[in-house]
Amino acid sequence: MPTNQHVIPEFKSEVDQVLEAILYLYTESRRITKELARRADLTSPQLAVVKVLEQVGDMSLSELSEKISAQNSTVTGIIDRMERGDLVMRERSKEDRRIVIIRLTDKGRELARAIPIPPMEILRSALGSLSAAEMGDLMRITTKLARHVKHIVHRDFNDTNSDRKPVSS
């Protein structure tokens, strides 16, 4: 598992500043989401479902799971609770009866409209302040970072044949 030891010493300060900025963005996003969810009497995952369905429209359970980065079984539980609250409904696909489509009810759509700008919109607005060149650089760098993190996670956390245990940094 990579540790801070692998950071070239002359870049340690910059690396720490970048990590601080990423953590700030993540923390603020979660804080805002929790507050918006609390105001709407929802959980954060329920808020994510409401806003995704509002923006994207009806989706299958697996599409929704992918959109909110959660396991199908987790999303099933979220949808069960939301269905009991009359926020969403399930409907079998007419094309493939094995597929269950999730859609907002009138009450769910009304709630979604009442919820102000989600955290992603705040980030979109902030990103809009970047120049085209800055945006290109940011996309290139974040894509490279995401690929590297995905590789590390796959190697160190998804290798079921390995007896290695993740080591804390």
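Predicted, not measured: the structure shown is a model, and the values here were computed from it. (Residues numbered from 1 in each chain as written. Predicted model: local features only at pLDDT ≥ 70, side-chain atom pairs only at ≥ 80, totals over all residues. Heavy atoms only, no water.)

This part takes up the overall build of the protein. On a plain count of helices and strands, the protein comes out with seven helices and three strands. The helix and strand sequence of the protein, counted from the amino end, reads α-α-β-α-α-β-β-α-α-α. Taking all 169 residues of the protein together, the buried fraction comes to 24%. Within the protein, contacts between residues at least 6 apart in sequence are counted, and of these 44% link residues at least 24 apart. Within the structure as shown, the protein displays about 12,500 Å² of accessible surface, and the carbon and sulfur contribution to it stands at 56%. (Helix = DSSP H or I, 4+ residues; strand = E, 2+ residues; numbered from the N terminus. Buried < 20%, exposed > 50% of the residue type's maximum accessible area, 1.4 Å probe, protein only. Contact = heavy atoms within 4.5 Å. Areas by Shrake-Rupley, 256 points an atom, 1.4 Å probe, with all protein chains shown as cover.)

Applying the stated rule across the entire model yields 13 salt bridges. A salt bridge links Arg103 to Asp58, with the shortest nitrogen-to-oxygen separation between them at 2.3 Å. One end of the pair, Arg103, is in strand S3 (residues 100-104); the other, Asp58, is in the loop between helix H2 (44-56) and strand S1 (59-60), with 45 residues separating them in the sequence. A salt bridge links Asp96 to Arg98; the nearest nitrogen and oxygen atoms lie 2.8 Å apart. Several salt bridges share partner residues, and in doing so they unite Asp58, Glu91, Lys94 and Arg103 into one network. (Salt bridge = Lys/Arg side-chain N within 4 Å of Asp/Glu carboxyl O.)

Here we have three strands laid out as an open sheet, ordered S1-S3-S2, and antiparallel in their pairing. Here the strands that pair on one side only, and so sit at the sheet edges, are S1 and strand S2 (88-92). Bridging between S2 and S3 involves five bridges; their strand directions are antiparallel. Bridge pairing links Arg90 to Ile102 in S3. Together, S2 and S3 form the strand contacts of helix H4 (residues 72-84), whose direction differs from that of S2 by roughly 115 degrees. (Pairing = 2+ DSSP bridges. Axes fitted to C-alpha atoms, helices over the stretch in contact; angles between N-to-C directions.)

The next point concerns the packing of helix H1 (residues 12-39) against helix H6 (residues 119-127). For the pair H1 and H6, interaxial distance at closest approach is 9 Å and the crossing angle is 140 degrees. Relative to H6, H1 is oriented oblique. Contacts between H1 and H6 involve Leu25, Ser29, Ile32, Thr33 and Leu36 from the first element and Pro119, Ile122 and Leu123 from the second. In terms of residue class, the contact of H1 with H6 is built from six nonpolar, two polar and no charged. (Parallel < 35°, antiparallel > 145°, perpendicular 65-115°, else oblique. Nonpolar A, V, L, I, M, F, W, Y, C, P; charged D, E, K, R; others polar.)

Together, Val18, Leu19 and Ile22 line one region of the surface with nonpolar side chains, adding up to about 260 Å² of accessible area. On the basis of relative accessibility, which here comes to 44%, the residue Ile22 falls in the partly exposed class. (Patch = residues over 30% accessible without salt bridge, like charges linked within 9 Å, V, L, I, M, F, W, Y side chains within 5 Å.)

Just distances and angles here, no functional claims.
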